[in-house]
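Letter by letter, the chains look like this.
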Number of protein chains: 2
Amino acid sequence: MNNYRFKIQYDGTRYHGWQRQKNGSDTIQGRIEQVLSRQMGHPVEIDGAGRTDAGVHAREQVANVHLDYNGTTEELRECLNEYLPEDIRILEVEIAGERFHSRLNATGKVYEYRLCKKGCFDVFARKYQWQMEELLDVARMKEAAGLLLGEHDFKGFCTKASRKKSTIRRIDAIDIEETENAVILHFFGNGFLYNMVRILTGTLVEIGTGTREISTIEEIFERKERVLAGMTAPAKGLTLVRVKYD
Amino acid sequence: MNNYRFKIQYDGTRYHGWQRQKNGSDTIQGRIEQVLSRQMGHPVEIDGAGRTDAGVHAREQVANVHLDYNGTTEELRECLNEYLPEDIRILEVEIAGERFHSRLNATGKVYEYRLCKKGCFDVFARKYQWQMEELLDVARMKEAAGLLLGEHDFKGFCTKASRKKSTIRRIDAIDIEETENAVILHFFGNGFLYNMVRILTGTLVEIGTGTREISTIEEIFERKERVLAGMTAPAKGLTLVRVKYD
């Protein structure tokens, strides 16, 4: 019995998110478990580091699973890729320590949100970006992003905050990269709440288009009310880039 | 009456190529003419610089059309983009000289062919690349590419060569770029025959995997027979990058 660690890449466009659902919706976790279960001859459950929403993509999601498998890691990887659809790929299979858990051991995550500038197009990235209808003031967005850094209670920046679990998170950096056609937000943090990156993005976009004041960021932190923050940016512009471990 | 010059970007995946067809197949030219004709209230025909095959993409195709249109170039661009499907975008509309013809005046073209290395994946580029099943010897490919440069009769490297028209073309450069996951071939030339870039790519890939000798290139030039060259690489890996004018 080995504890296998997978690096997984997917285009989330046609899936109902990462997490397996009881109603039988098509999910990335569900697809991988289906192939593994058929291969092993018994039900297999995997753990993923990040529960990406419906329509969100991943460049390097991490998951782990305990399997009684006789082949090599490369054979396991090839077998999975043979039976998985082409919008889900296993990039890497490694044997991890017995106690490794992809979600519980994760110490950081990197997300990327891609905004396509007003009047610009990128046909090849059209499923992985949010098309802007207004001009963005990137300097204003950078100033606002600075206020989001550090440890805060991000309750106002998430959907369905649990009363029991902590909504305190730490954002280490938000790098805002501007290219000819796009503005790309790179979020580095120790963890993100449900919809948090999308709400942060929606808020930063409203600041960038000038429909929101930078000072509202402090108000959202103080009052911790979801309605004060910006819209939830569309899922398709968001990609889980990397999961960090110590 | 103005002569409008368009820069057009498209994902060719679901189209039967650039050129309008009599059988009513879905083509990029057909789509654009349909929108323009509806807008103008009479049939409109446009001229494209390169007749990309079914499944081939374009980053910057060029086309021109004579129109009696009262609005600004920006209004024309916005109107077209509003009615075109999201996998075809008009990047730019400009008023060109009266006698400008996108195809006849073109002095050069740049094409890109993307090969995804064996065992590597890029889910987000999966529709724009050819997945290799064998390792590529890039140094060998570069050596072979050098033999293709300059002016030659490329009759052996094209499909359905016309007996009347010249099959002599000049290739100025073939840059072969290697990234972590991909090998990207950049072709610069004064013009390319039907299927020529795909057959050159298929030939270079066979050389890269070792199933073909570099010396066969000279034999294909001498004997000018299509059967001597390599396979036609799949359309989906090919993109028309740019059309050059003096």
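Further up the page is the structure itself.
In what follows, the accompanying structure is described. Computed from a prediction, not measured in an experiment: that's the story for all the values here.

## Digging into helix H3 (residues 138–148) of chain A
Residues and elements named next belong to chain A.
Reasoning step 1: Those residues of H3 that fall on the buried side of the exposure criterion are Val138, Met141, Ala144, Ala145 and Leu148. Across the axial projection of H3, the buried residues extend over an arc of 120°, all falling on one side. Set apart from the buried face of H3 by more than 90 degrees, the exposed residues are Ala139 and Glu143.
Reasoning step 2: The opening residue of H3, the one whose side-chain oxygen lies 3.3 Å from the backbone nitrogen of alanine 139, is aspartate 137.
Reasoning step 3: Glycine 150 lies just past H3 and shows a positive phi near 95°.

## Digging into the relation of the copies chain B and chain A
Reasoning step 1: Overlaying chain B with chain A gives an RMSD of 0.0 Å, the required rotation being 180° about an axis along which the chain moves by 0.0 Å. When the rotation and shift are considered jointly, the pair of chain copies conforms to a two-fold rotation axis.
Reasoning step 2: Residue by residue, 100% of the interface of chain B is reproduced at the interface of chain A, so both copies engage with the same surface.

## Focus: unusual backbone geometry
Only a minority of non-glycine residues have a phi that is not negative, and only a minority of peptide bonds are not trans.
Residues and elements named next belong to chain B.
Reasoning step 1: For asparagine 195, which is not a glycine, the phi torsion comes out positive at approximately 65°.
Reasoning step 2: Residue placement: asparagine 195 occurs in the loop between strand S9 (182–189) and helix H4 (196–209).
Reasoning step 3: Located in the positive-phi region is lysine 224, a residue other than glycine, with phi close to 55°.
Reasoning step 4: Its place among the elements puts lysine 224 in the loop between helix H5 (216–223) and strand S10 (238–244).

## A closer look at the pattern of salt bridges
Working definition: two side chains of opposite charge can pair if their charged atoms are close together.
Residues and elements named next belong to chain B.
Reasoning step 1: Under the definition given, this model contains 34 salt bridges over all chains.
Reasoning step 2: Two residues, lysine 7 and glutamate 92, come together in a salt bridge whose shortest N-O distance is 3.8 Å. With lysine 7 in strand S1 (residues 2–10) and glutamate 92 in strand S4 (residues 88–96), the pair connects residues that are 85 residues apart, well separated along the chain.
Reasoning step 3: Arginine 14 is paired through a salt bridge with aspartate 87; the nearest N and O atoms lie 2.5 Å apart. In this pair, arginine 14 sits in the loop between S1 and helix H1 (28–40) while aspartate 87 sits in the loop between helix H2 (73–83) and S4, placing the two residues 73 residues apart along the sequence.
Reasoning step 4: In this structure aspartate 87 comes out as buried when scored by relative accessible area, which is 4%.

## Quick look at the packing of H1(B) against H2(B)
When two helices pack together, you describe them by how their axes are tilted relative to each other and by the distance separating the axes.
Residue and element names in this part refer to chain B.
Reasoning step 1: Where H1 meets H2, the closest approach of the two axes is 10 Å, and the angle between their N-to-C directions is 115°. Our pair here, H1 against H2, has a crossing hand that is right-handed. Contact residues: Ile32, Val35, Leu36 and Gln39 in H1; Leu76, Cys79, Leu80 and Tyr83 in H2.
Reasoning step 2: A per-class count over the contact of H1 with H2 returns seven nonpolar, one polar and no charged.

## Looking at the packing of aromatic side chains
Reasoning step 1: One pass over the structure, following the stated rule, counts 18 aromatic pairs over all chains.
Reasoning step 2: Feature note: the residues Phe154(A), Phe157(A) and Phe221(A) constitute an aromatic cluster, connected by ring pairs.
Reasoning step 3: Note that Arg89(A) overlies the ring of Phe121(B), its terminal NZ or CZ placed 5.3 Å from the centroid.

## Looking at the packing of helix H3 (residues 138–148) of chain B against H5(B)
Residue and element names in this part refer to chain B.
Reasoning step 1: Remark: H3 packs on H5, axes separated minimally by 9 Å, with the N-to-C direction vectors making an angle of 25°. With respect to their mutual orientation, H3 and H5 come out roughly parallel. Crossing geometry of H3 relative to H5 is assigned as right-handed. On H5, the residues that touch Ala144, Leu147 and Leu148 of H3 are Ile217, Glu218 and Phe221.
Reasoning step 2: Looking at the contact of H3 with H5, its residues break down into five nonpolar, no polar and one charged.

## Regarding the interface of chain B and chain A
Reasoning step 1: The interface of chain B with chain A comprises 23 residues on the first partner and 23 residues on the second.
Reasoning step 2: Of all residues in chain B, Phe121(B), Phe124(B) and Arg126(B) bury the most surface against chain A, accounting for 39% of the area lost on that side.
Reasoning step 3: At the boundary of chain B with chain A, the tally comes to four salt bridges.
Reasoning step 4: One can count six residue pairs in polar contact (both at pLDDT 80 or more) joining chain B with chain A.
Reasoning step 5: Of all the secondary structure elements, the ones that give two or more residues to the side of chain B that touches chain A are S1, strand S3 (57–67), H2 and S4 of chain B.

The rules behind each value
- Residues numbered from 1 in each chain as written.
- Chains lettered and ligands numbered in written order.
- Predicted model: local features only at pLDDT ≥ 70, side-chain atom pairs only at ≥ 80, totals over all residues.
- Heavy atoms only, no water.
- Buried < 20%, exposed > 50% of the residue type's maximum accessible area, 1.4 Å probe, protein only.
- Helix = DSSP H or I, 4+ residues; strand = E, 2+ residues; numbered from the N terminus.
- Arc of directions from axis to C-beta.
- Polar contact = N/O pair within 3.5 Å; in protein donor to acceptor, adjacent residues only side chain to side chain.
- Least-squares fit on C-alpha atoms with pLDDT ≥ 70 in both.
- Contact = heavy atoms within 4.5 Å.
- Salt bridge = Lys/Arg side-chain N within 4 Å of Asp/Glu carboxyl O.
- Axes fitted to C-alpha atoms, helices over the stretch in contact; angles between N-to-C directions.
- Left-handed = near helix turned anticlockwise from the far one by under 90°.
- Nonpolar A, V, L, I, M, F, W, Y, C, P; charged D, E, K, R; others polar.
- Phe/Tyr/Trp six-rings, centres within 6.5 Å; stacked < 30°, edge-to-face > 60°.
- Lys NZ or Arg CZ within 6 Å of the ring centre and 35° of its normal.
- Parallel < 35°, antiparallel > 145°, perpendicular 65-115°, else oblique.
- Buried area = accessible area lost by both parts, 1.4 Å probe.

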